[in-house]
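Examining the three-dimensional arrangement
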Amino acid sequence: MDKIVVRGGKRLKGKIKIGGAKNAVLPMMAACLLAEGESVIRNVPLLADVITMKKVLEQLGAKVTLRGHTLHVDTSNVSRFEAPYELVRTMRASIYVLGPLLGSFGKARVSLPGGCAWGPRPVDLHIRAMQELGARIRIDHGYIVARATNLRGETIVFSLPSVGATANTMMAAARAKGKTVIVNAAREPEIVALADFINRMGGRIRGAGTETIEIEGTSRLDPAQVRVIPDRIETGTFMIAGAITAGEITLESCMPEHVEAISQKLRQGGVIVEKSRNSIYIKGKRRINSVDAVTAPYPGFPTDMQAQYMALMTIARGTCVISETVFPDRFTHVPELRRLGANIKIEGNTAHVGYVRHLSGAPVMATDLRASAALVLAGLVADGETHISRVYHIDRGYEAIEEKLSKLGADIKRMPE
Ligand code: EPZ
């Protein structure tokens, strides 16, 4: 296992390019199962989760080739319909094959994903939506065993705007007979990107990005080519890297309109945020002001940015309250930030972040993807060295983060633990 060692105190300067979005490419890879033949996905981020999803597809019989940042997915020989526990346990997004397998082949056997580092992650909305589309589902020895002679369109109302359940339902409905309407759908840009990909295959999806999505099922879809949208969470993470080090950086190949909630918070804190069509300029300053935050489904402040934002608030002037409304237990980064000297008190799903003059480097442990990003950000400003162990968590969602940060002047390196 590797660790990352950061020596704090460097102000970041320069430009970096944002990569493709992890949470867009994973459902897109699964959506290739909706068409027979070879689809091509460009601007793919080189992440551990992409490799895991590649294995899931290969397990089904697909031929998946990664050349540089381009994926070729040939589904001509798909002949198995199972996503095994070993892979689903590694990455819960493996459940994205449920919808397309049911839509294309009428059967699927997908391991139930367990919980994750910060709590239970139910999939009841996915299962209920498949049943409402006509699938017969039973849970057997930890697996979702699903059968559907033919799926038929329905109106499906979600009790909450689940990203994963919206994606799975859109994919299954794309091959169902008739029209499906998803009410209270997730509005994330990754959902819009997935709908765009399915429409390139010949699908007929309207309303993606709003809370009501209409899908006209078709009996056949054809392979297509698509380019992955920029990763708005990588963008937000680097925006905070510029702010927390009082640096001056420009993020290129990003989509500023996807990070408005983050830009607004940083501006309220006193950070200069200037956007152009596909780049964002950040100029931080010493001692930005504390600003409260409440996470919410898109377009609200993203739960995937909560840990990184908290790292920034630990050295902001004043105190603030950060409420986590999407995953109320998502605070595994807090005990580790406290080891660096942060003053944080948790009450239920709310963190009270007090002021400290500075953080001080220490050995800390990554527990999950975004918590590890928060520890790297804190290490950029902590006095002395911060050693972050278990960095395999960070490799799931950030491509070469230490290379990108050192290119901006950070004193950061990866080494064997
Ligand atoms: C996606 O997870 C993302 N993962 C998560 O990003 C992100 O935090 C989350 O959406 C919210 O934006 C991928 O896209 C691969 P949800 P997902 O279903 O689909 C509850 C990262 O760091 N729920 O929108 O699992 C759930 O418990 C990851 O990149 C049910 O109750 O999230 C949560 O409270 C972490 N039943 C809320 O809905 C269900 O069947 C939102 O979850 C499904 C979800």
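Structure: above.
Positions within a chain are numbered from 1, following the residues in the order the chain's sequence is written. The predicted origin of the model limits local features to residues at a pLDDT of at least 70 and limits the giving and counting of side-chain atom pairs to 80 or more, whereas totals for whole chains, interfaces and linings rest on all residues. The basis for every side-chain value is the complete set of non-hydrogen atoms in the structure, without hydrogens or water.

We now examine the sheet that holds strand 16 (residues 272–275). Strand order in the open sheet made by the 4 strands is 2-15-17-16, with mixed pairing throughout. The open sheet has two free edges, formed respectively by strand 2 (13–17) and strand 16, since each of these has just one partner strand. The mean angle between the axes of side-by-side strands here comes to 15°, regardless of whether they run parallel or antiparallel. We call two strands paired when DSSP finds no fewer than two bridges between them. To qualify as a helix, a DSSP run of H or I must reach at least 4 residues; to qualify as a strand, a run of E must reach at least 2; elements of each kind are numbered from the N terminus. Pairing geometry for strand 2 and strand 15 (residues 248–252), over 5 bridges, is parallel. Within the sheet, the bridge partner assigned to K13 lies in strand 15 and is E248. Note on method: axes are straight lines fitted to C-alpha atoms, helices fitted across the in-contact stretch only, with angles between N-to-C directions ranging 0 to 180 degrees.

Our next topic: helix 1 (residues 22–31). Relative accessibility decides the category of a residue: with a 1.4 Å probe and only protein chains considered, values under 20% of the type maximum give buried, values over 50% give exposed, and everything between is partly exposed. Burial runs high along helix 1: 9 of the 10 residues are buried. By the burial criterion, the buried members of helix 1 are K22, A24, V25, L26, P27, M28, M29, A30 and A31.

Turning our eyes to something else, we now look at the packing of helix 6 (residues 163–173) against helix 7 (residues 189–200). It is the contact of helix 6 with helix 7, at a shortest axis distance of 10 Å, that shows an interaxial angle of 10°. Relative to helix 7, the element helix 6 lies roughly parallel. Along the contact surface, helix 6 presents V163, T166, A167, M170 and M171, while helix 7 presents I191, L194, A195 and I198. Basically, the charged four are Asp, Glu, Lys and Arg, the nonpolar ten are Ala, Val, Leu, Ile, Met, Phe, Trp, Tyr, Cys and Pro, and anything else, Gly included, counts as polar. Residue composition of the contact of helix 6 with helix 7, grouped by class: 8 nonpolar, 1 polar and no charged. In these notes the angle categories are as follows: under 35 degrees is roughly parallel, over 145 is roughly antiparallel, 65 to 115 is roughly perpendicular, and the rest is oblique. Working rule for contacts: check all heavy atoms of both residues, and any pair within 4.5 Å makes them a contact.

The next thing to look at is helix 8 (residues 232–244). The span expected for a helix works out to 1.5 Å for each residue beyond the first. Between the first and last C-alpha of helix 8 there are 18 Å, a value that for 13 residues agrees with the 18 Å anticipated at 1.5 Å per step. The element helix 8 is extensively covered by neighbouring structure, given that 13 of its 13 residues are classed as buried. One side-chain oxygen of the residue at the start of helix 8 lies 2.8 Å from the amide nitrogen of I233, identifying that residue as D231. At the C-terminal side of helix 8, A246 shows a positive phi close to 50°. Here a polar contact is taken to be a pair of N or O atoms separated by no more than 3.5 Å, where protein atoms must pair a possible hydrogen donor with a possible acceptor and residues adjacent in sequence count only if both atoms sit in side chains.

Before going further, it helps to examine the site of the ligand. Among the 22 residues in the neighbourhood of the ligand, the closest are listed as D124, L125, S162, D304 and V326. In this structure, K22 approaches the ligand through a side-chain N or O atom, which is 2.9 Å from an oxygen atom. Between the ligand and N23 there is a distance of 3.0 Å, counted from an oxygen atom to a side-chain nitrogen or oxygen. Surface exposure here means Shrake-Rupley accessible area, sampled with a 1.4 Å probe, where a residue is shielded only by the protein chains that are shown. Compared with its free state, where it exposes 830 Å², the ligand has 85% of that area covered by protein. If you list the elements that add at least two residues to the shell around the ligand, you get helix 1, helix 5 (124–132), helix 6 and helix 12 (369–379). For the shell around the ligand, the leading source of residues is helix 5, giving 3 residues. Among the residues forming the shell around the ligand, the class breakdown is 11 nonpolar, 5 polar and 6 charged. Proximity is defined per residue: any heavy atom of the residue falling within 4 Å of a molecule or strand makes that residue near it.

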